[in-house]
Amino acid sequence: MAQVLDKPVQVKAPVSAAERTARRRSLLEWIAIHSLGVAAALFFVLPFVFVLLTSLMSDTQALSRDLIPHTWEWSNYKKVFDTPGFLTWWKNTLIYAGLGTVLTVVSSIPVAYALAKFRFRGRNLSLMLVISMMMLPPQVVIIPMYLFWAKQLDLSGTLWPLIIPMAFGDAFSIFLLRQFLMTIPNEYIDAAKVDGCGDFRTLLKVVLPMARPGIAAVALFQFFYAWNDYFGPQIYASENPGAWTLSYGLESFKGAHHTDWNLTMAATVLVMAPVILVFFFAQKAFVEGVTLTGVKG
Amino acid sequence: MPEKSWKVIPEVSRKAAVALAASASLALLATSCTGQSSSGADDDASKNTTINFWHAWSAPNEVKAVNSLVAGFEKAHPNIHVNVVANMTDDKINQALRAGGDKAPDVISSFTTNNVGKFCSSGALADLNPFFKKAGIDPETTFPKAMNEYTQFDGNRCTAPLLGDAYGLYYNKTAFKKAGITSPPKTWSEFEADAKKLTITQGNSYKQLGFMPNYHGWESTTEHYFGQFSPTYFSKAGKSELATDPAFEAGFKLQKKLVDELGGYQKLETYRSKLGDEWGVKHPFHTGQVAMQLDGEWRLGMALDAKPKFDVGVAPLPVPDDRAAQYGKGYITGTITGISAASHKQNAAWELVKYMTTNTDAVVNFSNAIHNVPSTLAALKSPKLKYDPRFKTFLDIAANPNSTTSPASINGGVYLATIQNFGYDYESGKTTDLKAGLKKTAAQIDTDIAQAK
Amino acid sequence: MATITLASKRRRSGLAAKQRKQALRTAAFMSPWLIGFAVFFAYPLISTVYFSFMHYDGFKPPTWSGTKNWTYVFEHYPFFWPALRNTLWLVLVMVTLRVLFGLGIGLLITKIKTGTGVFRTLFYLPYLAPPVAATMAFAFLLNPGTGPVNSILEKVGIPAPGWFNDPAWSKPALTLLALWGIGDLMVIFMAALLDVPKEQYEAAELDGASAWQRFRYVTLPNISPIIMFAVVTGVIQTMQYYTQPLIAGKVASGVIQGAGTQFEPGYPEKSTLTLPQLVYNLGFQRFDYGSACVVALVLFALSMVFTAFLMRRRGGLNLAGD
């Protein structure tokens, strides 16, 4: 008797009808939700799949309505790489995006810090002006800016007109960083002041390490903005193929290869891929940055 | 509470004042230095020098052909080295010319003949008349009439023709035979009849369409149609003759009639959207989906390359019934080349332009390589020209004194685009009052030109 | 008396010195942006106004033309009003659909329990595609003749529209492209939805509220600031809509730099025209810098109207908060 009662016996409680209905409903719900999810996922993913498949087709097949390549022409990718200028576009885009991001971050941080933590007359005005600049379409000021860079400084045909302004702060980055810096409690700053740190050292030694997620988000956004920029290179770099970026080069590529959709799609894949790869490695910073803009502030 | 310090309050307004002053002075700076400094032709073309040549060709065989053309020049002028850049479309060339500076090209070539008016009137390209005179070459006797017309504007000859394009009629000989048509149509009435005979419908679409008349149909643009009617686009005073020259009305009416008789705009447009790309292998003429095609001389080479299942025929486009004697003429346009006005090496640049445009052998070789129409009268007659016998039609069209082109205008091709846009409205039935529409369009053209002055 | 005066003087000058030091500090920190603002915002804006009254083609020096450009753009430029109408269409239709779809996908993602990470990544990916690449991909996919979408539609028996080649379908096609890239809105809505206090849901459930009622009375009020944010930034983005319609029109029209004319924007039939494209067309294709500046100022005015609206609506913006 004792042995039997050693292990507690699990007695299954009888399942009530109501519970069964509830479980069935939640199962149906699960199926419905996940079917919708799969349908949505198909909508989002299929275009990538088609582009990839087309990039592997032969010249003539790309023009047909076939969905699956008959022959897997991996050589298309080699052809795209060998296109004169393709690697140059890569190099230029990396310089534009990389250098631009560094300049933006370095110049935006002090401004954001001042707007977040200093009190001064004109702070509210400055903040409103920053927001106004954020909302400004680049086309509004392009004519005088183009004349300035091309005629005054003879810098057309290069990417400098796009990179140099990034050394003077970027409105969007300033705003984002400011929102983030405001969440840093003042106690840290006050403590640093008490220790004798000047404003600049406080910023450098105390605040920045705490602001890493915000800085990472801003850096990522700026990087992708430059990577994806088409209008800027179209205006400033179009006359010099040596200065083209991937976005502009891709459109030119289509022009030179009117109907080589397979090659164009291969080039498209090569332009999309790095962005997606970087995203996979930096997901958290990305999502946090997007959330910062929308939800907080 | 710290007392308000007067030194702090104006800080913001002080900063604003400084910013405003800086902006104002920068604005003044920008405006003062916006003119182009002309360099004049004062370089020594016999010294060692390097010039930049930008062109718009991009297909591998075309790029190769340009490179051999330039190589021939360098052989004849070993002291001038040419940097050739391909695939430079107009937006890039225009910007480079306007930006000026050292990176700008010395010699350019463009497919957009319509831009000649802009290039000449704005001073972007140098006037070649002095160069021609000094070299003892008379453009009027060197180049075909139509080509002389489209390379100059208002007395300023800022471009020279670098090979040309002629438009004619391609037809499916096999389909002709099947339909019982013995020869290509010479007048538009014959053309209408033939197009109808060659159209075989299939359900709501077509198995074979006699002709695709819609203005979006690749080369069936308004200016190509109207070329056969010898229109006068602008009066001597520079005003649009669209509403006053009956040639335009006749042209629009013809196209509309074709559209209505071949199945109506919607049916044709739906069919067109399913047809292959203009530059691809599946071009509807190659596949037999369209039996007659209005196209340029390059189509012959492309059609033969596609190995169609029928005999390709070539003929001049039909003429209006009341101009039947002019049969054999066509619409001419072409690539143009010029020297940048900002170039410091204009004499060297001129040597290249002179070679490319007037050296008969050079022109012939280039034409043989890319299957375009040669742009000098001498080259058109050269025995060294290699061509498919059918290509001769285009050579004849180019040499024909009745052949037409569209004139240059100060704002480039804007007037043609405006006419084309009206064409879209008229063919689709969006506009039904032709006369009123023509008046309105002519007024738009005049306003645009006034704006550009 | 003298000592007190001296001391108070020293105190006052000490105070002034401190304030001066603070002002310098602020100026130093703010300097990058201040210079940027003057050179890249204020100066060009004033210049744009200036050039809108000048006739300038990039070659000959500019000459005064008064209101000629303004009259031309508003009364004679055939692309101006269609572009404005298109902007209105895009604001009413594309922004609305994006917000609704973003909310829907956000909701969906919060309800997916299995493999949430995978789904979220897949939904987000299209947003990362560079606009040129994405537009070209869609122009290919939606090609009425040779694209896979139409071939599938026809196999299933659904009438296949002309997408980027049909003036009635080109803006819907652009909207489809915009919905494909819904990732940014999805993340924002997702975060907002997850932020809704669970207690409110529980309370509502206890009160016997249905799913719809919970959504209407608990979810919506909590996320309405985000919805407002999405709407206003959507409108501002629509003002800047340039690359996608331009590339779509170019690719779909198949206009290659062949013999003859240059590409006029808005294919097909001005249906994809937007104001930023007009600035490019007038300034860099027609070389009418003056008229381009007129359109630029219209664009500016419209953007500022919506910016002002955004700023008022978002109230604090933590302007004061420290």
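What counts and what doesn't
Residues numbered from 1 in each chain as written. Chains lettered and ligands numbered in written order. Predicted model: local features only at pLDDT ≥ 70, side-chain atom pairs only at ≥ 80, totals over all residues. Helix = DSSP H or I, 4+ residues; strand = E, 2+ residues; numbered from the N terminus. Buried ≥ 20, exposed ≤ 12 C-beta atoms within 10 Å, placed from the backbone. Contact = placed C-beta atoms within 7 Å. Nonpolar A, V, L, I, M, F, W, Y, C, P; charged D, E, K, R; others polar. Core = buried A, V, L, I, M, F, W, Y, C linked by C-beta atoms within 7 Å. Pairing = 2+ DSSP bridges. Axes fitted to C-alpha atoms, helices over the stretch in contact; angles between N-to-C directions. Parallel < 35°, antiparallel > 145°, perpendicular 65-115°, else oblique. Left-handed = near helix turned anticlockwise from the far one by under 90°. Domains from an automatic or database assignment. pLDDT = per-residue confidence, 0-100. Expected span 1.5 Å × (residues − 1).

**Some remarks on the overall build of chain A**
Consideration 1: A tally of helices and strands in chain A yields 16 helices and 0 strands.
Consideration 2: Going through the 297 residues of chain A one by one, you find that 46% of them count as buried.
Consideration 3: Contacts spanning at least 24 positions in sequence make up 74% of the contacts within chain A whose residues lie at least 6 apart.

**Describing the overall build of chain C**
Consideration 1: Counting its regular elements, chain C contains 13 helices and 2 strands.
Consideration 2: Relative to its full complement of 322 residues, chain C shows a buried share of 51%.
Consideration 3: Across chain C, every contact between residues at least 6 apart in sequence was considered, and the portion connecting residues at least 24 apart equals 69%.

**A closer look at the interface of chain A and chain C**
Think of interface size as the accessible area that goes away when the parts come together; that is how it is often given.
Consideration 1: Contact with chain A, which involves 72 residues of that partner, is made by 75 residues of chain C.
Consideration 2: Per element, the largest residue contribution to the side of chain A that touches chain C is 12 residues, and it comes from helix H2 (residues 17-55) of chain A.
Consideration 3: A breakdown of the residues in the side of chain A that touches chain C according to their chemical character gives 49 nonpolar, 19 polar and 4 charged.

**Description of the nonpolar core**
Consideration 1: Within the largest apolar cluster, 263 residues are counted, with the highest numbers of intra-cluster contacts made by Met 186 and Val 295 of chain C.
Consideration 2: Val 295 of chain C has contacts with Val 73, Leu 275, Leu 278, Val 279 and Leu 282 of chain C, leaving out every residue within four places of it along the chain.
Consideration 3: Of all hydrophobic cores here, the second largest spans 17 residues; its members include Phe 252, Ile 419, Phe 422 and Tyr 426 of chain B.

**Some words on helix H6 (residues 148-156) of chain C**
Consideration 1: Among all positions in H6 of chain C, only Pro 148, Val 149 and Asn 150 of chain C are buried.
Consideration 2: On its buried face, H6 of chain C sits against H2 of chain A together with helix H5 (131-141) of chain C.
Consideration 3: At the exit of H6 of chain C stands Gly 157 of chain C, carrying a positive phi of roughly 100 degrees.

**Considering the pairing of strand E7 (residues 290-296) of chain B**
Residues and elements named next belong to chain B.
Consideration 1: Of all 7 residues that make up E7, 7 are buried, and the element is covered over most of its length.
Consideration 2: Of the strand pairs in this sheet, strand E4 (residues 160-172) and E7 are connected by 5 bridges, and their pairing is antiparallel. The residue bridging Leu 169 from the neighbouring strand is Leu 294, located in E7.
Consideration 3: With 2 bridges connecting them, strand E6 (residues 205-211) and E7 associate as parallel partners. Across the sheet, the residue bridging to Phe 211 is Met 292, located in E7.

**Comments concerning the packing of helix H8 (residues 183-195) of chain C against helix H10 (residues 211-239) of chain C**
Residues and elements named next belong to chain C.
Consideration 1: Direction vectors running N to C along H8 and H10 enclose 150 degrees, while the axes themselves pass 9 Å from each other. In terms of orientation, H8 and H10 fall into the roughly antiparallel class. In this structure, H8 crosses over H10, and the sense of that crossing is right-handed. Counted together, Leu 185, Ile 188, Phe 189, Ala 192 and Leu 193 of H8 and Thr 219, Ile 223, Ile 226 and Ala 230 of H10 form the full contact between these two elements.
Consideration 2: Among the residues making up the contact of H8 with H10, the classes are represented as 8 nonpolar, 1 polar and no charged.

**Focus: the pairing of strand E9 (residues 332-339) of chain B**
Residue and element names in this part refer to chain B.
Consideration 1: The element E9 is largely enclosed, with a buried count of 8 among its 8 residues.
Consideration 2: In this structure, E4 lies alongside E9, joined through 5 bridges in antiparallel fashion. Looking at the pairing, Ala 166 lines up with Ile 332 of E9.

**With respect to the domain arrangement of chain A**
Residue and element names in this part refer to chain A.
Consideration 1: The domain architecture assigned to chain A consists of domain 1 (17-75) and domain 2 (81-294).
Consideration 2: Computed from C-alpha atoms alone, the centre-to-centre distance between domain 1 and domain 2 is 34 Å.
Consideration 3: Mapped by element, the contributors of at least two residues to the side of domain 1 that touches domain 2 are H2 and helix H3 (59-62).
Consideration 4: No other element matches H2, which puts 4 residues into the side of domain 1 that touches domain 2.
Consideration 5: Looking at side-chain class alone, the side of domain 1 that touches domain 2 contains 5 nonpolar, 3 polar and 2 charged residues.

**Comments concerning the confidence of the model for chain A**
Consideration 1: Across chain A, pLDDT averages 83, with 88% of residues at or above 70.
Consideration 2: Across chain A, the element-wise mean pLDDT spans from 50 in helix H1 (residues 2-6) of chain A up to 94 in helix H8 (residues 160-163) of chain A.

**Description of the environment of Ser 173 of chain A**
Residues and elements named next belong to chain A.
Consideration 1: Topologically, Ser 173 is positioned in helix H9 (residues 171-182).
Consideration 2: Measuring from C-alpha to C-alpha, the distance between Ser 173 and Ala 112 comes to 8.3 Å, with 61 residues separating the pair along the chain.
Consideration 3: Every residue in contact with Ser 173, bar those within four places of it in the chain, is listed here: Thr 104, Val 105, Ser 108, Val 218 and Gln 222.

**Side note on the packing of H2 of chain A against helix H4 (residues 116-128) of chain C**
Consideration 1: In the contact formed by H2 of chain A and H4 of chain C, the axes pass within 8 Å of each other and the chain directions differ by 35 degrees. As for the relative orientation of H2 of chain A and H4 of chain C, their crossing is left-handed in sense. Side by side, H2 of chain A and H4 of chain C meet where Gly 37, Ala 40, Ala 41, Phe 44 and Val 45 of chain A of the first sit next to Phe 119, Leu 122, Phe 123, Leu 125 and Pro 126 of chain C of the second.
Consideration 2: A breakdown of the residues in the contact of H2 of chain A with H4 of chain C according to their chemical character gives 9 nonpolar, 1 polar and no charged.

**Points about H9 of chain A**
All names here are of chain A.
Consideration 1: For H9, which comprises 12 residues, the first-to-last C-alpha distance of 16 Å matches the rise-based estimate of 16 Å (1.5 Å per residue) to within 8%.
Consideration 2: Summarising burial for H9: 10 of the 12 residues are buried, a large majority.
Consideration 3: Three or more residues of H9 are buried, namely Ala 171, Phe 172, Ser 173, Ile 174, Phe 175, Leu 176, Leu 177, Arg 178, Phe 180 and Leu 181.

**Things to note about the environment of Met 30 of chain C**
Consideration 1: With respect to the secondary-structure elements, Met 30 of chain C resides in helix H1 (residues 2-51).
Consideration 2: Apart from residues lying up to four places away in sequence, Met 30 of chain C is in contact with Val 111, Ala 114 and Ser 126 of chain A.

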